[in-house]
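Each chain, written out:
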Amino acid sequence: MAMVVSGKEVGKGLQQAAAMDSGKYVRYTPEQVEALERVYSECPKPSSLRRQQLIRECPILSNIEPKQIKVWFQNRRCREKQRKEASRLQTVNRKLTAMNKLLMEENDRLQKQVSQLVYENGYMRQQLHSPSVVTDASCESVVTSGQHHQQRNPTSQHPERDANNPAGLLAIAEETLAEFLSKATGTAVEWVQMVGMKPGPDSIGIVAVSHNCGGVAARACGLVSLEPTKVAEVLKDRPSWYRDCRCLDVLTVIPTGNGGNIELTYMQTYAPTTLAAARDFWTLRYTTALEDGSLVICERSLTPATGGPTGPAATNFVRAEMLSSGYLIRPCEGGGSMIHIVDHVDLDPWSVPEVLRPLYESPKILAQKTTIAALRHLKQIAQESSGEAPYGGGRQPAVLRAFSQRLSRGFNDAVNGFADDGWSLLGSDGVEDVTIAVNSSPDKLLGSHVNPSAIYSTLGGGVLCAKASMLLQNVPPAILVRFLREHRSEWADCGVDAYSAASLRASSYAVPGVRANSGFLGSQVILPLAHTAENEEFLEVIRLEGHGFNQDDVILSRDMYLLQLCSGVEENAVGACAQLVFAPIDESFDDNLPLLPSGFRVIPLDPKTDSPATTRTLDLASTLEVGSGATSRSVNETASTTYNLRSVLTIAFQFTYENNLRDSVSAMARQYVRSVVTSVQRVAMAIAPSRPGCQIGAKHPPGSPEAHTLARWISRSYRVHTGAELFQVAPVFTFSNQAGLDMLETTLIALQDITLEKILDDNGRKVLCSEFPKIMQQGFAHLPAGVCLSSMGRPASYEQAVAWKVLDEDDSPHCLAFMFVNWSFV
């Protein structure tokens, strides 16, 4: 039978079929949508088998084709993606709106500051042109701003009052509130924006530091996606985010009639190094709400000038003063908060050695340790609340954050060694470079949740800490800590690591004197756990693989683990402290595992820019030694700001001991810290940037003249034996060029400690021994492809190696030189 169908009817039928196939006309009942949503929550992208199984298991979906269900999941994923994108754009819009408001307020504040400076400038001109003014030193007080005058004479602001009753304390609180607001949004302090702190929706905020004011001050403005009450709760819990806070006790709480409260608090803070005493604060903290709905938490020290009750006295602490500081928390439209933070303290820098005063006079260090730390902690809490915080190891963010706090706190306890924690000093061995302290109260040190019997034997014991501090010159803290983290073998001793790890478990070699098997080298593997929002701090597990240890002729091989906290490795963070803290752990990695932290802390000593006379004098002297000229002077003046940088390094290592072995452990710890100090000094010399002088045109290779001579011999002998030039251009090298250092994963200084036996494998050593007579007779030899080991224990393969005899100036054999061709890590 023949049948003719018009093209129009065929097209219509095909369109209907396509519509049915695509599921365009399918309408789902609420029960069907609910069933599909349950599956989507478990698996947003099910396979074809899973979709068919879903139809079989759910009778209400039996009348729907698998292709239609596939289209439903595609549409559902598309809607979810659009919803997330819309939410993200709304969040960015809210941030930009709030940031715009923040910048407008900052602009208004700067306009007020400009107006004030113009007024003071006009007043100064008028005084200078007035004949009745006597030009002596006393006229300086005339042009001082009213705010500074009030800070220097606080008793002139109010008549005598009784500050020991609630009314007197409320008067102090209201004055503190007014002074804090004038610093947060006014011109009471001259603020200078920190370098690199540019505002934006994803930035930490607008950060500024004080300039020419009493004490040191820092200010920050930022946005967080937390409600004001939550922000206030987090910020008042200072020990949770301020790493230098040892304790914070609220001794008295007085409610006020406006719905707020007044608290009398006592806070102890850690000293950053072993060379200075710790600080404590006795303050009044005032929490209240403003008329516009903002929350304010302001604080200041109670002194004889302000009045009020006298705070508790503590030995081994220096009483510091907190000037009017606090937090202004404003709610944002659509959720979140806008925060203004002001930290203003006087840390009594004259009570510390002169070389350490920059630590207590730098507002940049205060901003990094306190102001920016508060904003970062709030941002981290906000990410954890929204489920955006990155973490690993199957642990919740709060657990990992607790690990970081315990590592930091344990290291601070070791550095400070407070007597009320049970620490006492041991006698020295005649050299005062390393301090040894012991603590026989492990319950207090390691935490009440830890069973000390798991660590200490029935013989009794405790914890021993060996610590030292030293000054470094021209060594960037971030680069040094990064090197110590990535190249542990340059300074660590695997035998000491084994002894520290053995304290966590019953072991037959948990005694001093453990010897590392010299023929068995391990490597480290970094396993990341968590990091903060801006990667300024990260927590990780270090696995020390394949370490071999022998005792009583028994070789023990077992991986060891360290929990490690690294921070401050960002080179652009001005005034940031770089720190590497680690503690041995066992394989279980329990949430309540005992931690005995050790590590390094490097703090830059930011020189005061107000008095550069000393630096300029030194630069002038160095210029006169090498020549004169405007170019040399300008170069040296620029170099002085870049290369005359100092930092203080603090090292602390903790070990457990049994009472009958305390002297042995003490001697081992003292010697170990000295060896670590030597290694760090060697590393610091290698990574320190060379100081630019007036020889800018010709860049000479670093190293000693003997090294340059050896390099010249190597190049010349290669040309004599092979007839070819080893280098087309003059390279920068001493005993190895950069490619060789990269292959061996070492530095120019540490290269001298690597022996040939550690570089070549067994086959390579055999080939070299067989070719050695040929090298001495012919002058060179080509070695076949092979494998060598880097200082980190990583194998590197090469296609060919050339060995040749190096001759000195008298054409006598001096040493052998090697060249590895086309090498790569296996």
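Just so it is clear, the model here is predicted, and its values are computed rather than measured. (Residues numbered from 1 in each chain as written. Predicted model: local features only at pLDDT ≥ 70, side-chain atom pairs only at ≥ 80, totals over all residues. Heavy atoms only, no water.)

A. Quick look at the pairing of strand 7 (residues 295–301). In terms of residue burial, strand 7 counts as a mostly covered element, since 7 of its 7 residues are buried. A two-sided burial pattern is seen for strand 7, the buried positions comprising L295, I297, E299 and S301 on one face and V296, C298 and R300 on the other. Across 7 bridges, the pairing between strand 6 (residues 278–289) and strand 7 is antiparallel. In the strand pairing of strand 7, L284 is matched with R300. The turn linking strand 6 back onto strand 7 is made up of 5 residues, and G293 within it adopts a positive phi angle of 90°. Pairing analysis gives 5 bridges linking strand 7 to strand 10 (residues 325–331), with the strands arranged antiparallel. Counterpart to V296 in the pairing with strand 10 is L328. (Buried < 20%, exposed > 50% of the residue type's maximum accessible area, 1.4 Å probe, protein only. Helix = DSSP H or I, 4+ residues; strand = E, 2+ residues; numbered from the N terminus. Pairing = 2+ DSSP bridges.)

B. Focus on helix 7 (residues 228–236). Of the residues making up helix 7, those classed as buried are P228, V231, A232, V234 and L235. The buried side chains of helix 7 occupy one side of the element, clustering within an arc of 165° when seen end-on. Set apart from the buried face of helix 7 by more than 90 degrees, the exposed residues are T229 and E233. Looking at the buried side of helix 7, the elements it contacts are strand 3 (216–224), strand 7, strand 10, strand 11 (337–346) and helix 9 (363–386). (Arc of directions from axis to C-beta. Contact = heavy atoms within 4.5 Å.)

C. A look at helix 3 (residues 48–57). Listing the buried residues of helix 3 in full gives R51, L54 and I55. Taken down its axis, helix 3 places every buried residue within 100° of arc, on the same side. Those residues of helix 3 that are exposed and aimed more than 90 degrees away from the buried face are L49 and R56.

D. The packing of aromatic side chains, seen in detail. Scanning the entire structure with this criterion turns up 13 aromatic pairs. Both rings, one in W72 and one in F73, keep their centres 5.1 Å apart while their planes meet at 85°; by these two values the pair is edge-to-face. Of the two residues, W72 and F73, both sit in the buried class. With a centroid separation of 5.1 Å and 15° between ring planes, the pair formed by F317 and F418 is classed as stacked. Here F317, found in strand 8 (residues 317–319), pairs with F418, found in the loop between helix 10 (397–416) and strand 12 (423–425); they are 101 residues apart in sequence, far enough to count as distant. For F317, a relative accessible area of 13% gives the class buried. F418 gets classed as buried once you look at its relative accessible area, which sits at 7%. (Phe/Tyr/Trp six-rings, centres within 6.5 Å; stacked < 30°, edge-to-face > 60°.)

E. Representation of unusual backbone geometry within the structure. One non-glycine residue with positive phi stands out, namely N212, at about 55°. Mapped onto the elements, N212 comes out in the loop between strand 2 (206–210) and strand 3. Of note, the phi angle at D348 is positive, near 55°, even though the residue is not glycine.

F. Looking closely at the confidence of the model for the protein. Here the protein shows a mean pLDDT of 76. Residues at 70 or above account for 74%. pLDDT under 50 marks residues 133–160. Its contacts with residues more than four places away, or in other chains, come to 25 contacts. This model gives residues 548–556 a pLDDT under 50, and the stretch forms 25 contacts once residues within four places in sequence are excluded. (pLDDT = per-residue confidence, 0-100.)

G. Main features of the packing of helix 9 against helix 10. Two elements in contact, helix 9 and helix 10, have axes whose closest approach is 11 Å; the angle formed by their N-to-C orientations is 150°. In terms of axis orientation, helix 9 runs roughly antiparallel to helix 10. Between helix 9 and helix 10, the contacting residues are H377, I381 and E384 on the first element and P397, A398 and R401 on the second. Of the residues belonging to the contact of helix 9 with helix 10, the class tally is 3 nonpolar, 1 polar and 2 charged. (Axes fitted to C-alpha atoms, helices over the stretch in contact; angles between N-to-C directions. Parallel < 35°, antiparallel > 145°, perpendicular 65-115°, else oblique. Nonpolar A, V, L, I, M, F, W, Y, C, P; charged D, E, K, R; others polar.)

H. Main features of the pattern of salt bridges. One pass over the full model with this rule turns up 21 salt bridges. When the shortest N-O distance is used, the salt bridge between R246 and D421 registers 3.2 Å. Separated by 175 residues along the polypeptide, R246 in strand 4 (residues 245–255) and D421 in the loop between helix 10 and strand 12 bring together distant segments of the chain. Exposure class is identical for R246 and D421. Each is buried. Counted as one network, the salt bridges with shared partners bring together E37, R76, E80 and R83. (Salt bridge = Lys/Arg side-chain N within 4 Å of Asp/Glu carboxyl O.)

I. Looking closely at the side chain of R601. If you trace the backbone, R601 turns up in strand 22 (residues 598–605). Buried and without a salt bridge, R601 has D244 as its closest oppositely charged side chain, separated by 5.1 Å. In contact with R601, other than residues within four places in its own chain, are A271, P272, F411, N412, C577, A578, Q579, V648, L649 and T650. (Lys, Arg positive; Asp, Glu negative; His and termini not counted.)

J. The arrangement of empty space enclosed by the protein in detail. If you walk through the whole model with that rule in mind, you get 5 cavities of 30 Å³ or more. Reported here for the largest cavity is a volume of approximately 440 Å³. Considering the residues around the largest cavity, the lining is formed by 32 residues, among which Y242, V345, L347, L366 and T370 are closest to the centre. Among the secondary structure elements, those contributing two or more residues to the lining of the largest cavity are strand 5 (261–269), strand 6, strand 10, strand 11, helix 8 (357–361) and helix 9. Residue composition of the lining of the largest cavity, by class: 20 nonpolar, 6 polar and 6 charged. Computed from the structure, the second largest cavity encloses a volume of approximately 130 Å³. Along its surface, the second largest cavity is lined by 16 residues, and S500, F582, P584, S598 and Q654 are the ones closest to its centre. Put simply, the parts of the chain that give the lining of the second largest cavity at least two residues each are helix 13 (494–502), strand 21 (578–585) and strand 23 (646–658). (1 Å grid on protein atoms, 1.4 Å probe; cavity = no way out; pocket = protein on both sides within 12 Å on 5 of 7 lines; lining within 4 Å. Points joined across faces, edges and corners; volume = space filled by probe spheres on them.)

K. The sheet that holds strand 28 (residues 813–821), seen in detail. An order of 24-27-28 is seen for the 3 strands of this open sheet, with the pairing classed as antiparallel. Only two strands of the sheet have a single partner each, and these edge strands are strand 24 (780–783) and strand 28. Sheet twist, expressed as the mean angle between neighbouring strand axes with direction ignored, is 20°. Sheet strands touched by helix 20 (residues 762–778): strand 24, strand 27 (800–807) and strand 28. Its angle to strand 24, the strand with the most contacts, is close to 150°.

L. Seen up close, the nonpolar core. Among the nonpolar cores identified, the biggest contains 46 residues, and V231, L359 and L378 are the most heavily contacted of them. For this core, the element with the most residues is helix 9, which contributes 10 residues. Not counting chain neighbours up to four residues away, the residues in contact with V231 comprise V224, L226, I329, S337, I339 and L378. Among the nonpolar cores identified, the runner-up in size contains 45 residues, and L544, Y657, V683 and I687 belong to it. (Core = buried A, V, L, I, M, F, W, Y, C linked by side-chain atoms within 4.5 Å.)

M. The arrangement of the environment of D433 in detail. Among the secondary structure elements, D433 is positioned in the loop between strand 12 and strand 13 (435–439). Residues D433 and M470, 37 residues apart in the sequence, show an inter-C-alpha distance of 9.0 Å. Here D433 is in contact with K467, A468 and R674, once residues within four sequence places are set aside. Reaching out from D433, the side chain makes a polar contact with the side chain of R674 at a distance of 3.0 Å. (Polar contact = N/O pair within 3.5 Å; in protein donor to acceptor, adjacent residues only side chain to side chain.)

N. Broad picture of the environment of I60. Mapped onto the elements, I60 comes out in the loop between helix 3 and helix 4 (66–129). Between the C-alpha atom of I60 and that of T29, which follows or precedes it by 31 residues, the distance is 9.1 Å. Apart from the residues lying within four places of it in its own chain, the contact partners of I60 are E31, Q32 and A35.

O. Representation of the side chain of S301 within the structure. For S301, the position within the fold is in strand 7. There is a polar contact of 2.6 Å between the side chain of S301 and the backbone nitrogen of M322. If near-sequence neighbours (up to four positions away) are discounted, S301 is found in contact with F281, W282, T283, T306, A320, E321 and M322.

P. Spotlight on the pairing of strand 4. Sheet topology note: the strand 4/strand 5 ladder contains 9 bridges and is antiparallel. Bridging from a neighbouring strand, C247 pairs with Q268 of strand 5. Taken together, strand 4 and the strand that follows it, strand 5, pair antiparallel across an intervening segment of 5 residues, in which G259 is found at a positive phi of about 95°.

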